[in-house]
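Listed here are the chains, written in short residue letters.
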Amino acid sequence: MRLPIRGRGFVPGLLVVVMALAFPSTVPAQSTASTVDTMQARATTLEKDGRWNDALQLWCKVYGQDRRNEEANNHIQICLRRIFQTQRQTDKSLRERVMSLSHSQALALYGEVLATLQSAYVDRAKVSPERLFQQGLDEFLLSLNDANFRKLHLPSATDREVQAFQKRLREFMALRSVDTVNEAVQIVKQVAVTARRDLQINHTSVIVLEFIGGACNSLDEYTSYLSPADLMAEAEMAMTASVVDAAPLKDGIGYLRITHFRDTTPEELDSAIAALKLEMPQGLRALVMDLRGNTGGLFSSAVQVVERFVPAGVIASTQGQLDEFNKVISTNVRMSNVLDVPLIVLVDARTASAAEVLAGAFRDHQRATLVGVATYGKGSIQRVLQFQTAEEVDDSGKPRPRTGGIRITLARFFSPNGQAINGAGVSPHVVEQDKSRHIEIALEQASRYVSVMPPR
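About the cut-offs
Residues numbered from 1 in each chain as written. Predicted model: local features only at pLDDT ≥ 70, side-chain atom pairs only at ≥ 80, totals over all residues. Heavy atoms only, no water. Helix = DSSP H or I, 4+ residues; strand = E, 2+ residues; numbered from the N terminus. Salt bridge = Lys/Arg side-chain N within 4 Å of Asp/Glu carboxyl O. Phe/Tyr/Trp six-rings, centres within 6.5 Å; stacked < 30°, edge-to-face > 60°. Buried < 20%, exposed > 50% of the residue type's maximum accessible area, 1.4 Å probe, protein only. Lys NZ or Arg CZ within 6 Å of the ring centre and 35° of its normal. Core = buried A, V, L, I, M, F, W, Y, C linked by side-chain atoms within 4.5 Å. Contact = heavy atoms within 4.5 Å. Expected span 1.5 Å × (residues − 1).

On to unusual backbone geometry, then. Outside of glycine, negative phi angles account for most residues, and trans bonds account for most peptide bonds. Positive phi is not limited to glycine here, since Q200 has a value of about 60 degrees. Mapped onto the secondary structure, Q200 falls in the loop between α10 (181–199) and α11 (205–217).

Below, the structure written as structure tokens:
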């Protein structure tokens, strides 16, 4: 299966796409020629040719076969960064909005981005002004080699002029250090002014945008700069129902699927369970919860779902720069508010992030039997932050983002027993690679529990 990586919906569905490539639902038999070494060599060639989408396809397949392959993981991030760059440069609405910014507004936005990353990003060592600036500089230098960027913004600059500018810029930066956000802003200002003089670039704000993109998209595969269109797509995804396919299976055993976590997920779950109880003459005696393909969402909603099943104890712990993400999350609710029925949870390699909070809590509290394969291992929390700089106001006077925002990794989370989820995932009790057998196995497990329960 080959999935195209392009279009407005790519950023919100980033994790879904990467996991779909790395862990397809149906894995075709690999020919002897399709070895990991062969795929890696081919992917490297595609990168040299600038075919980042195709290279990503292969690196994801390599990673799917060996999740400890750090080279594949690193190249996935490189490919994604180049794809983000191409998308950014071909996003007409973003380009128009950014070019409408004055030089001072664009620089203020850059300063706001760097300050936000420094104060909130989970790993303080990765967000020094020096590193963030250098990543932005690398992004800008690469954009100068991009034919689309050159056509849009440097139509009159020759190859010799561009190469000379790149050389002078590298020599200039070799003698400079960047110790503060303000220094980074001032140097970018100099770079933009020099580019206008030497390369006849009209809109220096697009240069600043490259520095912003480089700073955001170099940290991990989840932190990224979001255009206004991306923010809209995020909002649309957040409006989609998250608890679906609720239905009786047999003999008092109910089934429901949670596709993602949004602010209404706990209430949706309550409604689905109430409906299941009404549909079953014998009542709800066991529940199969399907988390396969659930790539996460709102962390706090996942915590509230755990509280529906676990009356007391630690749900998870989090670590980050912000105080709100350095804590232990516990539950202590009335037993009468807890659904005390046997629980079977289906998980797969696409179960990630907030969904792994559930899986980890259920496993550590021995509250559920997990069936499937190990989860993805994305033990981190993201939040979308909109920028205040150069925002617009709609007809009602409500702020409307003009230049987008950022999805930023704020914290890492751990299971109740202190196990790191990131890179490891949650292992099921019953391992079954064949997805078509998961429901059958879940029913067997649930029926075993129900058979020893007293009649109602």
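Having seen the model, we can carry on.
Another point: the pattern of salt bridges. Charged atoms that come close allow side chains of opposite charge to pair. Tallied over the full model, the rule gives 14 salt bridges. Here R437 makes a salt bridge to E440, at a shortest N to O gap of 3.5 Å.

The subject of this paragraph is the packing of aromatic side chains. Summed over all chains, the structure comprises 6 aromatic pairs. Consider the rings of F140 and F165, whose centres lie 6.2 Å apart with planes at 85 degrees: the pair is edge-to-face. One end of the pair, F140, is in helix α7 (residues 129–143); the other, F165, is in helix α9 (residues 159–174), and 25 residues separate them in sequence. Taking 5.8 Å as the distance between ring centres and 40 degrees as the angle between the ring planes, the aromatic pair formed by F299 and F413 counts as tilted. Pair noted here: F299 is in helix α14 (residues 299–307) and F413 is in strand β12 (residues 405–414), with a separation of 114 residues, a long-range link. Residue F299 shares its accessibility class with F413, and that shared class is buried. An aromatic cluster of three or more residues is present, and its members are Y110, F133, F140, F165 and F211. For K378, the ring lying beneath its charged end belongs to Y222, and the centroid distance is 4.6 Å.

Another aspect to go through is the nonpolar core. If you look at the biggest cluster of nonpolar residues, it comprises 95 residues, and the most contacted ones within it are Y110, L117, F133, L256, M289, F309 and F362. Looking at this core, the element that brings in the most residues is α10, giving 9 residues. Setting aside chain neighbours within four positions, we find M289 in contact with L256, I258, F309, L343, I344, V345, L346, L358 and F362.

All right, on to α9 then. Compared with an ideal rise of 1.5 Å per residue, which puts 16 residues at 22 Å, α9 spans 23 Å between its outermost C-alpha atoms and is within 8% of the ideal. Contact partners of the buried residues in α9: α7, α8 (147–153) and α10.

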